[in-house]
Amino acid sequence: WRGREGAPYSTLVPSDEVTINYRHGLPVITLTLPTRSERCRFTVKPMVTTVGAFLQDVQREDKGIERAEVFATDGSKVSDATLMEVLLMNDFKLVVNNTAYSVSPPAKEMLSSEHATEMEDIKSLVHRLFVALHLEDHQIRKERELLQKLDHLKEELLPLEQVKARITDRADAKTSRLLWVGLALMSTQGGALAWLTWWVYSWDIMEPVTYFITYGSAMAFYAYFVLTKQDYIYPDAKDRQFLHYFYQKSKKQHFNVERYNKLKEDLAEAEESLRRLRQPLHLRLPIQEINDKD
């Protein structure tokens, strides 16, 4: 096997001289230092450590190392900027001075099956530590933010609620008066038809009149449907008239309905977030603490 200048290396060492094992999920590269003739372990972080950083660690450990390089199996040099995670995916050759070490990293599938349980235990431990150290502070900080937001929204809504209450009372009173006026007109119409039928004219004369009055009423209801795309149902008609008066009064008093609705939506969302935040199961409290809170 030849180097970059084409000259053969003095020694080609078998792969068992450089071994790679995994401890706690991190690769540990063990090799023999040429000057001290002793085995040395190098633990690397594959997703952070580069090939250049690893070679510098090897040279710092043995000052007698003048040259340290890494080559792929086809003889091409591996860049110093390459991450160790990428390097450990395939076989490679580690050159220390004039000695080339053939390195075969363990298969990824074998690694995952051997250390899956250990890694899951570590993840579970880290998760429990994070919860124990940070969850309570996070919950308190989040609850304080929501309470401050609720107070701010309520302060903004208070004057709007007062204006809305006055507008609602006036619109409701005006709608009620309109309903009573309608009842009075219908009563007057019924009394006038009865008086004309029994005291002024006969039924033979009033029958066509009542027919056209009924037909005119049907036309009025149909016109209501054409204009509003809704059936003429008394509760719906009352609500529609109430909204008409409400928006009319709001415009006169410069009441911003859109801003009021937006503040109400934000208030409901903040209250729901606070309610979920204070749920015992979300806080992951022990059973005793849950019972005490109840």
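Before reading further, recall that the structure is shown in the block above.
It should be emphasised that the depicted structure is a prediction, and the values quoted were computed from it without experimental measurement. Counting from 1, residues in each chain are numbered in the order their sequence is written. Reporting of local features is limited, given that this is a predicted model, to residues whose pLDDT is at least 70; pairs of side-chain atoms are given and counted only at 80 or more, and all residues count toward the totals for whole chains, interfaces and linings. To get the side-chain values, take all heavy atoms of the structure and skip hydrogens and water.

**A closer look at the sheet that holds strand S2 (residues 19-23)**
Spatial ordering of the open sheet is given by S2-S3-S4, a layout of three strands whose pairing is antiparallel. Strands with a single pairing partner mark the edges of an open sheet, and in this sheet they are S2 and strand S4 (39-43). Strand-to-strand twist of the sheet, defined as the mean angle between neighbouring strand axes without regard to direction, takes the value 30°. Pairing between two strands requires that DSSP report at least two bridges joining them. For the purposes of this entry, the term helix denotes a DSSP run of H or I that reaches at least four residues, the term strand denotes a run of E that reaches at least two, and both are numbered from the N terminus. Examined bridge by bridge, S2 and strand S3 (residues 26-32) share five bridges and lie antiparallel to one another. The residue of S3 that forms the bridge with Asn-21 is Val-28. Note on definitions: a residue-residue contact is assigned when non-hydrogen atoms from the two residues lie within 4.5 Å. Axis geometry follows a simple rule: fit a line to the C-alpha atoms, using only the stretch in contact for helices, then measure angles between N-to-C directions, giving values from 0 to 180 degrees. The sheet contacts of helix H1 (residues 51-61) involve S3 and S4, and relative to S4 the element is tilted by about 145°.

**Overview of the packing of aromatic side chains**
Here a ring pair, both rings aromatic, is described through the centre-centre distance and the interplanar angle of the planes. Note on aromatic pairs: the rings of Phe, Tyr and Trp (six-membered ring only in Trp) are paired at centre separations within 6.5 Å, and the planes decide the class, stacked below 30 degrees, edge-to-face beyond 60, tilted for the rest. Counted under the stated rule, the structure contains five aromatic pairs. A ring pair is formed by Phe-246 and Tyr-247, whose centres lie 5.9 Å apart and whose planes are at 85°; its orientation type is edge-to-face. Categorising residues by exposure relies on relative accessible area from a 1.4 Å probe, with only protein chains included: less than 20% of the type maximum marks a residue as buried, more than 50% marks it as exposed, and the intermediate range marks it as partly exposed. The buried category is assigned to Phe-246, whose relative accessible area is 9%. Aromatic rings pair up to connect Phe-246, Tyr-247, Phe-255 and Tyr-260 into one cluster.

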